[in-house]
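The lines below spell out each chain.
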Amino acid sequence: MSTITLITGSTLGGAEYVADHVADLLTAQGHQTDITNQPQFDQLNQDTIWLIICSTHGAGDYPDNFIAFANALADQNPTLNQLKFAVIGLGDSNYDTFCAAGKNIQARLLSLGATQLGERLDIDVSMTPVPEDAAEIWLEEWQNVLND
Ligand SMILES: Cc1cc2nc3c(=O)[nH]c(=O)nc-3n(C[C@H](O)[C@H](O)[C@H](O)COP(=O)(O)O)c2cc1C
């Protein structure tokens, strides 16, 4: 079983609802979970698996609550060779910058040496009225990756 830190980036609350739902499902499967909605890089345990659930705002920007975390990664340029992570992005495909925040944080973590577990999920809220449904389907496959 794994210990997973769910890290949210959200302006309107949608990503937080997805995180709550995914955490409940992971806990039911026997994993340990912790949700942080105001992520501070220095306070995150890098021995846990980070599951980042982040929407996109502005024109491809991170939500406000996620900016300090993203800036810390940019400023500190930490080595994250031991870190394992996954990303769920929320966005709207009517924007050219569809799910840019999720894509950008994935690229940043990879560039810092972290290892990605499973494919990134991009949830298109214009096509998926209940984002938790898409996350639930993704989670079935991700649990196999966790249990490998
Ligand atoms: C002002 C505004 C700007 C947005 N910009 C983007 C964008 O650039 N790219 C994208 O994929 N989605 C964009 N979206 C869609 C949001 O990512 C989507 O509504 C998401 O579900 C919001 O998640 P949240 O409730 O966690 O903040 C934008 C939404 C708003 C209201």
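Residues numbered from 1 in each chain as written. Predicted model: local features only at pLDDT ≥ 70, side-chain atom pairs only at ≥ 80, totals over all residues. Heavy atoms only, no water.

Asks: So what exactly am I meant to see when it comes to the site of the ligand here?
Replies: Looking at the ligand, there are 20 residues lining it, with Ser10, Gly14, Thr56, His57 and Thr97 nearest. In the environment of the ligand, an oxygen atom lies 3.1 Å from a nitrogen or oxygen atom belonging to the backbone of Gly13. Within the backbone of Gly60, a nitrogen or oxygen atom sits 3.0 Å from an oxygen atom of the ligand. For the shell around the ligand, the elements supplying multiple residues, two or more each, are α1 (14-28) and β4 (84-91). (Near = heavy atom within 4 Å. Polar contact = N/O pair within 3.5 Å; in protein donor to acceptor, adjacent residues only side chain to side chain. Helix = DSSP H or I, 4+ residues; strand = E, 2+ residues; numbered from the N terminus.)

Asks: It is not clear to me how the nonpolar core should be interpreted in this structure. Could you clarify?
Replies: Leu51, Ile53, Ile88 and Trp142 are the most contacted members of the largest nonpolar core, which has 23 residues in total. In contact with Ile88, other than residues within four places in its own chain, are Leu51, Ile52, Ile53, Cys54, Leu121, Ile123, Ala135 and Trp138. (Core = buried A, V, L, I, M, F, W, Y, C linked by side-chain atoms within 4.5 Å. Buried < 20%, exposed > 50% of the residue type's maximum accessible area, 1.4 Å probe, protein only. Contact = heavy atoms within 4.5 Å.)

Asks: Looking at this structure, I do not really get helix α3 (residues 100-111). What am I missing?
Replies: Along its twelve residues, α3 runs 16 Å from first to last C-alpha, staying within 8% of the 16 Å computed at 1.5 Å per residue. Among the residues of α3, Ala100, Ala101, Gly102, Ile105, Gln106 and Leu109 are the ones counted as buried. Of the surrounding secondary structure, the elements contacted by the buried residues of α3 are β3 (49-55), α2 (64-76), β4 and β5 (115-116). Backbone geometry just after α3 places Gly113 at a positive phi near 100 degrees. (Expected span 1.5 Å × (residues − 1).)

Asks: Looking at this model, I keep getting lost on the state of the cysteines. Mind explaining?
Replies: The bond known as a disulfide is covalent and runs between the sulfur atoms of two cysteines. In the structure shown here, the tally under the stated rule is zero disulfides. Between Cys54, a cysteine without a disulfide, and Cys99, which holds the nearest cysteine sulfur, the sulfur-to-sulfur distance is 9.2 Å. Assessed through its relative accessible area of 0%, Cys54 is described here as buried. (Disulfide = S-S within 2.5 Å.)

Asks: Explanation requested: the pairing of strand β1 (residues 3-9) in the structure shown.
Replies: Regular strands place their side chains on alternate faces of the sheet. A large share of β1 lies buried, amounting to six of its seven residues. Relative to strand β2 (residues 32-36), β1 is paired through five bridges, and the arrangement is parallel. Directly across from Thr5, in β2, lies its bridge partner Asp34. In this fold, β1 hands off to α1, which returns the chain to β2; that crossover is right-handed. (Pairing = 2+ DSSP bridges. Right-handed = clockwise from strand over helix to strand, strands pointing away.)

Asks: Help me out: how do you make sense of the packing of aromatic side chains in this one?
Replies: Geometrically, a pair of aromatic rings is defined through the distance of the ring centres and the angle of the planes. Applying the stated criterion across every chain yields a total of five aromatic pairs. With a centroid separation of 5.2 Å and 20 degrees between ring planes, the pair formed by Trp138 and Trp142 is classed as stacked. Separated by four residues within a single helix, Trp138 and Trp142 lie in helix α4 (residues 131-147), roughly one turn from each other. Across the pair, Trp142 and Trp138 agree in class, each one buried. An aromatic cluster of three or more residues is present, and its members are Phe41, Trp50, Tyr62, Phe66 and Phe69. (Phe/Tyr/Trp six-rings, centres within 6.5 Å; stacked < 30°, edge-to-face > 60°.)

Asks: What is the right way to look at the UniProt feature "domain: Flavodoxin-like" (unreviewed entry) in the protein chain in this model?
Replies: The positions that UniProt labels "domain: Flavodoxin-like" (unreviewed entry) are, in the present scheme, residues 4-143. Between the end C-alpha atoms of residues 4-143 there is a gap of 12 Å, over a span that is 38% helix and 23% strand. (UniProt positions renumbered as here; feature names shortened; annotations may be inferred.)

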